[in-house]
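Given next are the chains, with one letter for each unit.
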Amino acid sequence: MSRRPPTRGRTVLAGAWTGRLLLAAMSAGGALTLPGVSPVSAQETEAELLRRIDSLTVLAGEAAIAAQAARDARAKAEARLAEAEYSLDTVRVADMTIVTRESDAAEARELFTEVWNESFGGYRSRAPGNRTFTYLRAAYTVDPIPARPPAERVVVPTWQSRSQAKARVRSAIGQVLAEDLGGSPVGAWLRRNPFSDRAPGDVYRQMVLARSSGVERCLAGDVPSCTAALGLGPDGNTVSAWYSPEERRVRALEGLERVGLHVTSGPSPVGDVFGSALARCVDRATPDACDALLGGDPDSFAPLPFSVRATLANLALERGGRGAWTRLAQDPSMAAGEALAGAADSSLEELVSDWRAWVVESRPEAQAGLGGDSVLALVWILFFAALATRSTRWRFA
Amino acid sequence: MYQPMLYLHWKQIRLVLLPFMVAAFALPLVTVAGLGGAPAGTTETALNAYAIVEMVRFWLPVFPALAAAVGITLALSAWNWDHRLGHVYALSLPLSRTEYALLKMGAGATLAMLPGIALWLGAHVASAAVALPPGLHAYPNQLALRFALATLISYSVLFAMASGTVKTSMWILAGVSAVVVLGILGTDWTFLQDSALGTDPLQTVIDWLMQGPGPFEIFTTNWSLIDV
């Protein structure tokens, strides 16, 4: 008597195979119905592929435009929101446009007017007229005032004094006007805002650690060495005026090590003109043997950074008073030293001498404040001792 | 009463304190190791000044870290036996709780001076071993004073915490955790932005603690043995 397989099992088995076939058919159909996608066959031509790439490129371009429009719309919405929330006002001072809160408008006008008259009075430049400033006096440092770039932002914490606020405003205006120096010898020498903050103690520290015998002589009192170290020497920026032969050797070999070339002695790993120069430098053949390896812009080897040069420019502008900035920027062909001397209304030697004296006087007290720190620490120690004696451990209910 | 407590604490901690003393003496010497003369092959004092200060800066963070480690170890060990024995010994003494706690704290503070003295000696030896170029000065006394104060601060903070009950410690930890969490969340709370807490409350709190007039301000000051 034959046993037929259960009908239910055969039905299930048939159903499973049917399901697989249906699933495969649906997948194929789904793939075929995806927009713009079709199976790439071996007969697909290069032209067809390029056509598809072009179409995708157009789509990408449209997407970028739409994203930019969305960002612009969001920026406008934020501006409207900020205007409603902060009640913004616009102040104009000597071709400068200052966006600020209504509550800060009077202060902004006073500060910008004072700073402009004191430090930039009489100077005519188109740059400030094309730039917007924002001014905010608040406890936090994030500036929510919307302004299209390249707006220069001035944020003054509430705890800072008026003179500190003026310094910030001066720095912001200087940042804008520094663009006027671009292309001139003084601009190439300075390369930054002359009103940027720099603690005098930092300058002294930088000079002590400059690894330059020229700077060392400057600190010892040799003013011409200071002039050379600042890149204002009569012979121009020469590395030999800044560094001794041994210091030049150290810098040259350090530069090579930074690019992965380790050389101590023995045959040069590179057998050409560069290799022979390298060998002469390593072996100290002549005092200037390593100068050939210090190529490029001499300012890139300057012992003092541009931020230190900015302190000299700052001193010149401070000494020159009203009209100093105009004298600094009026002649784009004037040498940097002459421009600084003109701005300060004195000789370059006198200016550099005063600058050196200022740096030496500003030598930081490395252990300043130790007395106060000690007293504070003792107070806290006594406080915690009192806490320890008041422990709840021995307090019975 | 002070001497027995000092002796007991010393007996308990000496095997841990001795390595700390050795480390405190050796650290200034390690800082100036190899800086006895100009860099190899050179005679330029300007290069030497840079090398010295760079090496000192490299080891700077280790000094306050060592001070904190010494203080924490002494503080936690001060109450160790009391916690283990249920404070029976303390309760059996004819002393008020205030006197007992102060004597114990004084004993620990005395032991905390030992690594400070070791560091003071090591700093003087290190300063004498280096020929300082013009513009640089050594500050061994100031460094030792900072080290001693930092040790005492960390010791007193942990001593006060350890003197309390477990419940008190949990309250303190919960409070610190709450400050951290609220500080992180508070960056989105605009009503704080015009307040003294500013846009980053957690950073503001950390600044209060680590800078004057906070208790840990001594840790963030200048710990350089050799500087301009």
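What comes next is a walk through the structure. Note that the coordinates shown come from a computational prediction; the quantities given were computed from them, not determined experimentally.

Some words on the pattern of salt bridges
Residues and elements named next belong to chain A. Taken as a whole and judged by the stated rule, the model has 15 salt bridges over all chains. With its nearest N and O atoms 2.9 Å apart, the salt bridge here joins Glu 118 to Lys 166. Of this pair, Glu 118 sits in helix 3 (residues 102-120) while Lys 166 is found in helix 4 (residues 162-177), placing the two residues 48 residues apart along the sequence. Residue Glu 246 pairs with Arg 249 through a salt bridge whose shortest N-O separation is 3.7 Å. Of this pair, Glu 246 and Arg 249 both sit in helix 10 (residues 245-258), three residues apart, roughly one helical turn.

Quick word on the nonpolar core
Counting 120 residues, the largest nonpolar core has Phe112(A), Ile173(A), Trp325(A) and Trp355(A) as the members making the most contacts within it. Examining the composition of this core, we find that twelve residues originate from one element, helix 7 (residues 140-163) of chain B, more than from any other. When near neighbours in sequence (up to four residues on either side) are disregarded, Ile173(A) contacts Met96(A), Phe112(A), Val115(A), Trp116(A), Phe120(A) and Phe133(A). The next biggest cluster of nonpolar side chains, apart from the first, holds 15 residues, and it includes Trp242(A), Leu253(A), Cys281(A) and Val282(A).

Some details on the pairing of strand 4 (residues 152-157) of chain A
Residues and elements named next belong to chain A. With five of six residues buried, strand 4 lies mostly within the body of the structure. Inspection of the sheet shows strand 3 (residues 132-138) paired to strand 4 by six bridges, in the parallel sense. The residue of strand 4 that forms the bridge with Arg 137 is Val 156.

As for the pairing of strand 2 (residues 96-101) of chain A
All names here are of chain A. With six of its six residues buried, strand 2 lies for the most part within the structure. Here six bridges tie strand 1 (residues 88-93) to strand 2, and the two strands are oriented antiparallel to one another. Each residue of the ladder has a partner; that of Val 93, found in strand 2, is Met 96. From the end of strand 1 to the start of strand 2, which pair antiparallel, there are two residues, and Ala 94 there has a positive phi angle of about 45 degrees. Here strand 2 runs beside strand 3; their pairing, made up of four bridges, is parallel. Bridge pairing in strand 3 places Thr 100 opposite Tyr 135.

Describing the sheet that holds strand 1 of chain A
Hydrogen bonds along the backbone pair up the strands of a sheet, which may run parallel or antiparallel. All names here are of chain A. Strand order in the open sheet formed by four strands is 1-2-3-4, and the pairing between neighbours is mixed. Because the sheet does not close on itself, it has two edges, and the strands there are strand 1 and strand 4. Across the sheet, the mean angle from the axis of one strand to that of its neighbour is 25 degrees, orientation sign disregarded. Against the sheet, helix 4 contacts strand 2, strand 3 and strand 4, and its axis sits at roughly 170 degrees relative to strand 4.

Thresholds, definitions, all that
Residues numbered from 1 in each chain as written. Chains lettered and ligands numbered in written order. Predicted model: local features only at pLDDT ≥ 70, side-chain atom pairs only at ≥ 80, totals over all residues. Heavy atoms only, no water. Salt bridge = Lys/Arg side-chain N within 4 Å of Asp/Glu carboxyl O. Helix = DSSP H or I, 4+ residues; strand = E, 2+ residues; numbered from the N terminus. Core = buried A, V, L, I, M, F, W, Y, C linked by side-chain atoms within 4.5 Å. Buried < 20%, exposed > 50% of the residue type's maximum accessible area, 1.4 Å probe, protein only. Contact = heavy atoms within 4.5 Å. Pairing = 2+ DSSP bridges. Axes fitted to C-alpha atoms, helices over the stretch in contact; angles between N-to-C directions.

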